[in-house]
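The chain contents come next:
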Amino acid sequence: MANDRTASGSEPLVALYRMMVLIRRTEEQLARAHQMGLVPGPCHTYVGEEAIATGVCANLRADDVVFSTHRGHGHALAKGVSPRAVAAELMGKATGCSQGRGGSMHLFAPEIGLMGTSGIVGPSILQGAGAGYSFKLLGSDQVSVAFFGDGAVSNGAFHEGLNMAAIWDLPVIFVCEDNMYATEVAFRDATRVQDVAQRVRASYDMAAVRVDGNDVLAVRQAAEEAVARARSGDGPSLIDCKTYRTRPHAEGMRDGGYRTAEEMAAWKQRDPIAAHAAWLIEAGHASAADLEAIEAEATTTVNDAIEFARSSPFPDPATAADFIFSAGA
Amino acid sequence: MREITYTEAAREALAEQMAVDPSIFVVGEGIGERGGNFNTTLGLYEKYGPMRLRDTPIVERGFVGLCAGAAMTGSRPVVDFMFIDFILDSMGELLNQISKIQYMSSGRIKMPIVLRGCIGIGGAAATHHSGSYYPLFVHIPGFRVATPSNPYDAKGLLKTALTGDDPVLFLEHKLLLNRRGPVPEAEYALPFGQAAVIREGSDATVVALAVMAPKVLDVCDELAKDRLDIEVIDPRTLAPLDMATILESVGKTGRLLIADETFGPCGIGAEISAQVMEQGFDDLDAPIARLNGVHTPTPYSPSLESAIIPDNAAIEKAIRDLVAE
């Protein structure tokens, strides 16, 4: 892609766009694959929330670790898992990132720091804190990121995990993706304090900021500060990202009754990808043609991923009980 | 050979491994400067400090989940629950995470974590401090479960737990903690899945778990005076369970009793019994018998507490009945 017009220093900003588009295209194609019956299990998409994983993971090294949620495709992709490995895992194939053991909710790529997405709300917070404990104990400057939704904030794991991370100064970044609904229960009905950052500052004396989760630059800036704090030994942080998922909780689920069409339409107007595209062009970091090229590239990549997944073999049934214990045990 | 207590033996295993493996850390309530309610970590805080002997808030779910994350990223946590009853607050982290991470990650993430605590009925501890719960963990794929019955086994099995890469429940019966026994000065480890024939005999086989092992041995000494020659097996680990040793013994004696202080329904005795019927039915000269604690929460009052655990008289009757079949 020729980028003569792009000023020096633009590439990291354009890369944010590239990653968000890759996540969006992957999710759209996975949703389609689900509709076609190619995904045998559930599929929770990240559409609308791409700026958060993108902005946070842009600050991470390959040896930093991420603990994620049931809505974790975006975290996996942003941490560097290939669309091929994600798509193949959702289709239950041997080439998937969990070799067909996990599906949408159990994506693993520990070799690049994706320590698992999870079907249970809360453990990502505790495990993220635990990785921080490891790094501190072992004298490493790695950092740990725990992603979770507003649905985890009233769970005991949140209180216990943030409290331990605070009292022991663990190098952890807690990222709350407040998309306003825990499945279909509104956050406003689940807490008296929807400002998670305020709660965290007051309860745990932890650095905490509230940001527009649909503004990739705002997320990236907050994460940059939090990662620097963790890496330099100054303890944990929380980033409270306000966002919205524009597809149902899971593909194929009825999406009415708990939110209005007006609300959804309003949030679609705040699309993080469109907003960043407009900013990139206005600030002179990219042209419309540049961005179109990026979109075309993402489409090609994701089409290839879907085709790869479709043509990959299913795992050998004889291996169904492999990996329960460590090798040689 | 020198004799030390069960607790001293286990602590020696921990101290030896902490000295050679800086990734080991212990979490629990009062395991830091205090050295543990049961002296499990006595003297270690002075050597290793708070990062490796971490006193925690009372948040069992929290610190078990935290230790899962630590085990996934290069550390080797030891969770010291004090009373194992407290583990129940962390069941989701155990059954949904710790036991499944190796599988879900197709073997790329290890889960070297030791979950230890005292089990069993005794001392009027009442029902929140008297549970054993090991059948729950044996039922779930992904756990190793050790129930040592003497100081030698306690040290050897904890050494193996601290050098393996799997989650291990290390369960110490509270009535065994201060019992003394021979433990060599030289380092050693005992493999999991290897039962011990702790008494040889030919008239019947008794599989005796945890605290039942010394009790059954005492009873068998008495029965020997009546020329009853009983073989006693201590499985030492319940997962993996060494069925080969049990089957071999049943092949010799033709009679089997499983003595276990914990509950009968869906318990270890039920499992052993089923496996013997599947694999050793033709060797049996009598129906398999089980001796268990009463299926009830644990009462406080000594008169009630002693009524729910199999005492020596009950063990003797069960063995005599089995031999008379």
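The notes below deal with the structure included here. (Residues numbered from 1 in each chain as written. Chains lettered and ligands numbered in written order. Predicted model: local features only at pLDDT ≥ 70, side-chain atom pairs only at ≥ 80, totals over all residues. Heavy atoms only, no water.)

Considerations on helix 8 (residues 212-224) of chain B
Residues and elements named next belong to chain B. The first and last C-alpha atoms of helix 8 sit 18 Å apart over 13 residues, in line with the 18 Å expected at 1.5 Å per residue. Turning to helix 8, its buried residues are Met212, Ala213, Pro214, Lys215, Val216, Val219, Cys220 and Leu223. In the core, the buried residues of helix 8 are packed alongside strand 9 (196-199), strand 10 (204-208), strand 11 (230-234), strand 13 (256-260), strand 14 (289-292) and helix 12 (312-324). (Helix = DSSP H or I, 4+ residues; strand = E, 2+ residues; numbered from the N terminus. Expected span 1.5 Å × (residues − 1). Buried < 20%, exposed > 50% of the residue type's maximum accessible area, 1.4 Å probe, protein only. Contact = heavy atoms within 4.5 Å.)

Let's talk about helix 11 (residues 288-311) of chain A
Note that an α-helix has 3.6 residues per turn; residues three or four places apart therefore point the same way. Residue and element names in this part refer to chain A. Here helix 11 is 24 residues long and its end C-alpha atoms lie 35 Å apart, about the 34 Å a rise of 1.5 Å per residue gives. Taken residue by residue, helix 11 has Asp290, Leu291, Ile294, Ala298, Val302, Ala305, Ile306 and Ala309 as its buried positions. Considering only its buried residues, helix 11 is in contact with helix 1 (11-35), helix 4 (83-90) and helix 10 (272-282).

Points about the interface of chain A and chain B
Counting residues at the interface gives 46 residues for chain A, matched by 42 residues for chain B. At the boundary of chain A with chain B, total buried surface from both sides reaches about 3500 Å², with 65% on carbon and sulfur atoms. Counting across the chain A and chain B interface gives one salt bridge. For Glu111(A), the salt bridge identified is with Arg108(B), shortest N-O distance 3.2 Å. Counting across the interface, chain A meets chain B through 16 residue pairs in polar contact (both at pLDDT 80 or more). Of all the secondary structure elements, the ones that give two or more residues to the side of chain A that touches chain B are strand 1 (65-67), helix 5 (123-138) and helix 6 (156-167) of chain A. The residue makeup of the side of chain A that touches chain B, split by class, is 29 nonpolar, twelve polar and five charged. (Buried area = accessible area lost by both parts, 1.4 Å probe. Salt bridge = Lys/Arg side-chain N within 4 Å of Asp/Glu carboxyl O. Polar contact = N/O pair within 3.5 Å; in protein donor to acceptor, adjacent residues only side chain to side chain. Nonpolar A, V, L, I, M, F, W, Y, C, P; charged D, E, K, R; others polar.)

Some points on the layout of surface pockets
Counted as a void, the largest pocket has a volume near 480 Å³. If you trace the largest pocket, you find 24 residues lining it, with Tyr133(B), Pro135(B), Leu136(B), Thr262(B) and Phe263(B) closest to the centre. Of all elements in the fold, only helix 6 (134-139) and helix 10 (268-280) of chain B reach the threshold of two or more residues within the lining of the largest pocket. When residues in the lining of the largest pocket are grouped by element, the largest group, four residues, is from helix 6 of chain B. Grouping the amino acids of the lining of the largest pocket by side-chain chemistry returns twelve nonpolar, ten polar and two charged. Mapped onto the domain boundaries, the lining of the largest pocket takes at least three residues apiece from domain 1 (3-182) and domain 2 (196-324) of chain B. In this structure, the second largest pocket spans a volume of roughly 280 Å³. For the second largest pocket, the lining is made up of 23 residues, of which His70(A), Val121(A), Phe148(A), Gly149(A) and Gly151(A) are closest to its centre. Contributions of two or more residues to the lining of the second largest pocket are made by helix 5, strand 2 (144-149) and strand 4 (181-182) of chain A. Taken together, the residues that form the lining of the second largest pocket break down as seven nonpolar, eleven polar and five charged. (1 Å grid on protein atoms, 1.4 Å probe; cavity = no way out; pocket = protein on both sides within 12 Å on 5 of 7 lines; lining within 4 Å. Points joined across faces, edges and corners; volume = space filled by probe spheres on them. Domains from an automatic or database assignment.)

Notes on the sheet that holds strand 3 (residues 172-178) of chain A
All names here are of chain A. Sheet architecture is open: five strands sit in the order 1-2-3-7-6, paired in parallel fashion. Here the strands that pair on one side only, and so sit at the sheet edges, are strand 1 and strand 6 (207-212). Put simply, the sheet's adjacent strands are angled 20 degrees from each other on average, direction ignored. As paired elements, strand 2 and strand 3 share six bridges and run parallel to each other. (Pairing = 2+ DSSP bridges. Axes fitted to C-alpha atoms, helices over the stretch in contact; angles between N-to-C directions.)

Section: the pattern of salt bridges
Residue and element names in this part refer to chain B. Applying the stated criterion across every chain yields a total of 35 salt bridges over all chains. Where Glu231 meets Lys252, a salt bridge forms, and the shortest distance between an N and an O atom there is 2.6 Å. Remark: Lys252 occurs in helix 9 (residues 243-253) and Glu231 occurs in strand 11; sequence separation between them is 21 residues. Judged by its relative accessible area of 3%, Glu231 is buried. On the accessibility criterion, Lys252 (46% relative accessible area) is partly exposed.

Quick look at the environment of Ala146(B)
All names here are of chain B. Tracing the sequence through the fold places Ala146 in strand 6 (residues 144-146). As for Ala146 and Ile87, which are separated by 59 residues in sequence, their C-alpha atoms are 16 Å apart. Discounting chain neighbours no more than four positions away, the residues touching Ala146 are Leu157, Leu169, Phe170, Leu171, Arg236 and Thr237.

Let's talk about the sheet that holds strand 3 (residues 53-55) of chain B
All names here are of chain B. Pairing is mixed across the open sheet formed by seven strands, whose spatial order is 3-2-4-5-7-6-12. Looking at which strands have only one partner, the edges of the open sheet turn out to be strand 3 and strand 12 (237-239). Averaged over all pairs of adjacent strands, the angle between strand axes in this sheet comes to 20 degrees, irrespective of strand direction. Bridge count for strand 6 against strand 7 (residues 168-173) is three bridges, and the pairing is parallel. Each bridged residue has a counterpart across the sheet, and for Val145 the counterpart in strand 7 is Leu169.

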